[in-house]
2 protein chains.
Amino acid sequence: MTASTPVAFEDPQYREAIVDLLGAIAYGEISAFERLAEDAKLAPTLEDKVAIASMATAEFAHVARLRERLTELGADPFAAMAPFQEPIDRFHEYTAPGDWFEGLIKAYVGDGLANDFYREIAAYLDADTRELVLASLEDSGHAAFAVDRVRSAIAADPRLGGRLALWGRRLMGEALTQAQRVIVDREPLSALLAGGVDRPGIDLAAIGRMFTRITERHTERMAELGLDS
Amino acid sequence: MTASTPVAFEDPQYREAIVDLLGAIAYGEISAFERLAEDAKLAPTLEDKVAIASMATAEFAHVARLRERLTELGADPFAAMAPFQEPIDRFHEYTAPGDWFEGLIKAYVGDGLANDFYREIAAYLDADTRELVLASLEDSGHAAFAVDRVRSAIAADPRLGGRLALWGRRLMGEALTQAQRVIVDREPLSALLAGGVDRPGIDLAAIGRMFTRITERHTERMAELGLDS
């Protein structure tokens, strides 16, 4: 533990919640790396393949710092990730893209949802953890790439829009389903979200409002792609 | 073109050879990334998966600088890579690992072969290009990881050694086959290797000696894994 976070981490429940949070983020990044690397195979050109592979490596680049921090907190990084393997793997299993555009949308929408969630939770964290979580958010222009590719594909074939809009809804539905599983299964993490840990927290109604905000931003992202949601 | 490499690049054949070389290295890294990311699926533990995914992202990290340099030289980076797609893809197609250990050995041996080749060719390059090529070599401790995992697996099951030794020979054979194809097909690159470009170069007998040295180092690497070659 670093000198700058003594008070919050004196509470073992808070420490446990942070270990959960960082474990979930780390496994999420590893998993995103794997799926994006897999989706890169669907790329129609070498240039597109390199673009999606860059997204994959950008996700993976955050894992090292999350592992270090987990070790500093006295946790085994891989044990911390383990509880999130099943829900995250299941999310990916149920949302395996059928083609290049579904893969692009998944990368864009999935990244967006994860980032929104991190930003929401960051407000309730100690300064060190907040900084670490926010560092996992940097967008290196990949969103613009996805928007550009999807919009021009729909312009060329408007029927594509209907199928991809359905796909976006499915992604959101699965993400919410798995997020709910995590909240039910992981008491320390959900206590943090619900303000049950003795920290400036949020109540259950606030969790509901948070999900509403995340859903609204998903709708905005779909609109940016030129898709209804 | 940068100010520090004017003389060498006044020779259009030299420039063409360097575009070939950087294109080959860049596509090799992209391709290594893809295959390592694929092999990560075979990892027996999450820790092993992260180790091989780190090797994948380390390869990919070099692509950006190679692309920039190709653009500086007035080349289209993706056009420069295109001639090497077929031989490199074919190498990977013929050497798809059947299990985790074959994947590990391929990563270790393939990386070693590529590094030996770059080191050999670096001596014949202008300073800027040499620096760029050598920067693609950094080993971040991944070799030690592969050696450790393979040696302990053979200690636990000595029969594995025979199969993996055959695998190592197959990797080397396919690498040489595809390298030979490239040398036949890509005149500018082979002229550089053979000293045909008006630069301090090497003759055909020297190319033979170079391949002998590369083969010897392959034998040393196999021995480090505890395998005959």
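Here the structure is a predicted model, which means the values were calculated and not measured.

Cut-off values and rules
- Residues numbered from 1 in each chain as written.
- Chains lettered and ligands numbered in written order.
- Predicted model: local features only at pLDDT ≥ 70, side-chain atom pairs only at ≥ 80, totals over all residues.
- Heavy atoms only, no water.
- Helix = DSSP H or I, 4+ residues; strand = E, 2+ residues; numbered from the N terminus.
- Rg over C-alpha atoms; globule rule 2.2 N^0.38 Å.
- Buried < 20%, exposed > 50% of the residue type's maximum accessible area, 1.4 Å probe, protein only.
- Contact = heavy atoms within 4.5 Å.
- Areas by Shrake-Rupley, 256 points an atom, 1.4 Å probe, with all protein chains shown as cover.
- Buried area = accessible area lost by both parts, 1.4 Å probe.
- Salt bridge = Lys/Arg side-chain N within 4 Å of Asp/Glu carboxyl O.
- Polar contact = N/O pair within 3.5 Å; in protein donor to acceptor, adjacent residues only side chain to side chain.
- Nonpolar A, V, L, I, M, F, W, Y, C, P; charged D, E, K, R; others polar.
- 1 Å grid on protein atoms, 1.4 Å probe; cavity = no way out; pocket = protein on both sides within 12 Å on 5 of 7 lines; lining within 4 Å.
- Points joined across faces, edges and corners; volume = space filled by probe spheres on them.
- Expected span 1.5 Å × (residues − 1).
- Least-squares fit on C-alpha atoms with pLDDT ≥ 70 in both.

(A) Region of the structure containing the overall build of chain A. On a plain count of helices and strands, chain A comes out with 11 helices and zero strands. Mapped from its N terminus to its C terminus, chain A presents α and β elements in the order α-α-α-α-α-α-α-α-α-α-α. Taking 2.2 N^0.38 as the reference for a compact globule, 229 residues should give roughly 17 Å; the C-alpha atoms of chain A span a radius of gyration of 18 Å, in line with that estimate. In terms of overall dimensions, chain A has C-alpha extents of about 60 × 35 × 25 Å along its principal axes. Across the 229 residues of chain A, 51% fall into the buried class. In chain A, the share of contacts with a sequence separation of at least 24, taken over all contacts with a separation of at least 6, comes to 80%. Approximately 10,100 Å² of chain A is accessible, and the part contributed by carbon and sulfur atoms is 54%.

(B) Representation of the interface of chain A and chain B in the model. Contacts between the two partners involve 20 residues from chain A, matched on the other side by 20 residues from chain B. Between chain A and chain B, roughly 1,900 Å² of surface is buried when both sides are summed, and carbon and sulfur atoms account for 75% of that area. For the pair chain A and chain B, the interface holds four salt bridges. Here chain A is connected to chain B by four residue pairs in polar contact (both at pLDDT 80 or more). Taken together, the elements giving at least two residues each to the side of chain A that touches chain B come down to α2 (12-39), α3 (46-60) and α5 (77-94) of chain A. Examining the composition of the side of chain A that touches chain B, we find that nine residues originate from one element, α3 of chain A, more than from any other. For the side of chain A that touches chain B, the residue count by class is 11 nonpolar, three polar and six charged.

(C) Here's a closer look at empty space enclosed by the protein. Summed over the entire model, instances satisfying the criterion amount to two cavities of 30 Å³ or more. Here the largest cavity defines a volume of roughly 1,000 Å³. Lining the largest cavity are 44 residues, and of these Gly-28, Gly-110, Leu-113, Ala-114 and Tyr-118 of chain A sit closest to its centre. Those elements that place two or more of their residues in the lining of the largest cavity are α2, α3, α5, α6 (100-122), α9 (159-185), α10 (187-194) and α11 (204-224) of chain A. Grouping the amino acids of the lining of the largest cavity by side-chain chemistry returns 27 nonpolar, nine polar and eight charged. Empty space within the second largest cavity amounts to approximately 40 Å³. Taken together, Glu-34, Ala-37, Glu-38 and Lys-41 of chain A together with Glu-34, Ala-37, Glu-38 and Lys-41 of chain B make up the full set of residues lining the second largest cavity.

(D) Layout of the environment of Lys-49 of chain B. As for its placement among the helices and strands, Lys-49 of chain B is situated in helix α3 (residues 46-61). Sequence spacing of Lys-49 of chain B and Asp-39 of chain B is 10 residues, and the spatial spacing of their C-alpha atoms is 8.6 Å. Those residues within four positions of Lys-49 of chain B in sequence are excluded, and the remaining contacts are Ile-30 and Glu-34 of chain A together with Ala-40 and Ala-43 of chain B.

(E) Molecular detail of helix α6 (residues 100-122) of chain B. All names here are of chain B. In a regular helix each residue adds 1.5 Å, so 23 residues correspond to 33 Å; α6 covers 33 Å between its end C-alpha atoms and thus fits that length. Burial analysis of α6 places 17 of its 23 residues in the buried class, the great majority of the element. Sitting at the amino-terminal end of α6 is Asp-99, which places a side-chain oxygen 3.2 Å from the backbone nitrogen of Phe-101.

(F) Inspection of the relation of the copies chain A and chain B at higher detail. Rotating chain A by 180° and moving it 0.0 Å along the rotation axis overlays it on chain B with an RMSD of 0.0 Å. In symmetry terms, the pair is related by a two-fold rotation axis. Among all residues of chain A, the one whose C-alpha sits closest to the rotation axis is Thr-57 of chain A, at a distance of 2.8 Å. A shared binding surface is used by both copies, with 100% of the interface residues of chain A retained as interface residues in chain B.

(G) A look at the layout of surface pockets. Empty space within the largest pocket amounts to approximately 1,200 Å³. Taken together, 50 residues form the lining of the largest pocket, with Gly-110, Leu-113, Ala-114, Asn-115 and Tyr-118 of chain B sitting closest to its centre. Among the elements of the structure, α2 (12-39), α3, α5 (77-94), α6, α8 (142-156), α9 (159-185), α10 (187-194) and α11 (204-224) of chain B are those that each provide at least two residues to the lining of the largest pocket. The dominant element in the lining of the largest pocket, judged by the number of residues it contributes, is α6 of chain B, at 13 residues. Residue composition of the lining of the largest pocket, grouped by class: 29 nonpolar, 10 polar and 11 charged. Taken as a whole, the second largest pocket encloses approximately 230 Å³ of empty space. If you trace the second largest pocket, you find 16 residues lining it, with Ser-54 and Thr-57 of chain A together with Thr-57, Phe-60 and Ala-61 of chain B closest to the centre. Elements represented by at least two residues in the lining of the second largest pocket include exactly α3 of chain A together with α3 and α4 (63-72) of chain B. Residues belonging to the lining of the second largest pocket are distributed by class as follows: nine nonpolar, six polar and one charged.

Any link to function would need more than the numbers given here.
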